[in-house]
Structure formats: C-alpha cells, structure tokens
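Commentary on secondary and tertiary structure
Given next are the chains, with one letter for each unit.
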Amino acid sequence: NWMAIGLALTGTVAWFVANNEAALGFVYQARWLFFIGQLALVFMLAARVQKMSASSATGMFLFYSALNGATMSFIFLAYTMSSIAATFFICAGTFAVCSVYGWVTKRDLTGLGNFLFMGLIGIIIASIVNIFMKSPAMQMIISYIGVLIFTGLTAYDTQKLKSMALSQPVG
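Description of the structure in this document. As the structure is a prediction and not an experimental result, all values here were calculated from the model. (Residues numbered from 1 in each chain as written. Predicted model: local features only at pLDDT ≥ 70, side-chain atom pairs only at ≥ 80, totals over all residues. Heavy atoms only, no water.)

Residue Lys134 is not a glycine yet carries a positive backbone phi of 55 degrees. For Lys134, the position within the fold is in the loop between α7 (110-133) and α8 (136-167). (Helix = DSSP H or I, 4+ residues; strand = E, 2+ residues; numbered from the N terminus.)

Right, here's the structure in full:
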C-alpha cells in the first residue's frame, strides 16, 4: 500500500512540475542537486531505517517519492503520455510480482541482500564511467543487469519487511 502511495505521489509531482514552467525551470537549474539529493537520501534511509520511528521513516519515504517525481518530471516532456502509462503499468506489475514472491517464498533471501547491494554499487559505478564512454552497448548491459538486480532487491526487501512486521508486538 505504501509503495502504491509513493508511486502515485511520484507521478503526481512529476506531472505537476512538468506542467508548471517556474517549477520545471527551478528543477532544471538545480538538477544535479536533485540527483545527488536522491542518492544521499536513499543511502541515508538504507543505513538508518531500522533506527527510525515509523512516522519518521514514512515521512522520509514520502519526501523521497516527491523528490523523485520532481527529478523525473522531464520524462513528461520527452515521451508521450501513453508510453509513460505503459511503462508505469509494466513496472508496477513487475514490482507487484516480485514483492508477492518475496512475501510468499519459503526460500531465505537474506544471503542475496549483500550480493544485490554490491551489484547496485557496480551499476552506479558503471553508469558514471559510461557517462564519459558514451557506449550504447554498455548502457544496454547496465539496463539488463539493473532490471535483474532491482527485481531481486524487491523480493529481498519485501521478505525483510515481512520479517520486521512479524517480529513487532501486536498491541
């Protein structure tokens, strides 16, 4: 449910920014701050989520969702609404399937977490290197590997969240 709320907030903010000339100009001028802010927030949340209160974690998640929407608002200028909608539904469906798998599987995915996180670091480094190399083949490889890593991380994180939720006392 929270992921659905986050996706809806991201899409709404992206649409609003793309349709507001002043907001779009601001995001464009500060685009590197938005990108760096997103990465910093992801790493901070990953490191501290278990030490945060539920309300703080929820607030940070909603802030990240809105920041992601502002950062991604340029997509509305480059692609048609139908292609954006198709991509959104494909991603949402993939996320749902991976999340359900993580929830119902009996297999312990704990060991995959560190491996997938290192893969994520590898993707980030390869993407930065490819900014300078400008290799279409490397971009395609990064994209395919990224899909595999993020589908695995989705199942892993869902199983981790399930475990956390089941360990909380019911009151």
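A word on the nonpolar core. Among the nonpolar cores identified, the biggest contains 12 residues, and these are Val13, Val17, Leu24, Val27, Ala30, Phe34, Leu41, Leu45, Met52, Ala57, Leu67 and Ala70. Aside from chain neighbours lying at most four places away, what touches Leu45 is Met52 and Met60. The next biggest cluster of nonpolar side chains, apart from the first, holds 9 residues, and it includes Leu120, Ile142, Ile149 and Ala155. (Core = buried A, V, L, I, M, F, W, Y, C linked by side-chain atoms within 4.5 Å. Buried < 20%, exposed > 50% of the residue type's maximum accessible area, 1.4 Å probe, protein only. Contact = heavy atoms within 4.5 Å.)

Quick look at the packing of aromatic side chains now. Ring pairs (aromatic) are described by centroid distance and by the angle formed between their planes. This model, assessed by the stated rule, comprises 4 aromatic pairs. The interplanar angle of 80 degrees and the centroid separation of 6.0 Å between the aromatic rings of Phe26 and Phe34 together place this pair among those described as edge-to-face. Residue Phe26 is classed as exposed on the basis of its relative accessible area, which comes to 52%. Classification of Phe34 by relative accessible area gives buried; the value is 15%. If you follow Arg31 out to its NZ or CZ, it ends over the ring of Tyr28, 4.2 Å from the centre. Lys162 extends its terminal NZ or CZ atom over the ring of Trp103, reaching a point 5.4 Å from the ring centre. (Phe/Tyr/Trp six-rings, centres within 6.5 Å; stacked < 30°, edge-to-face > 60°. Lys NZ or Arg CZ within 6 Å of the ring centre and 35° of its normal.)

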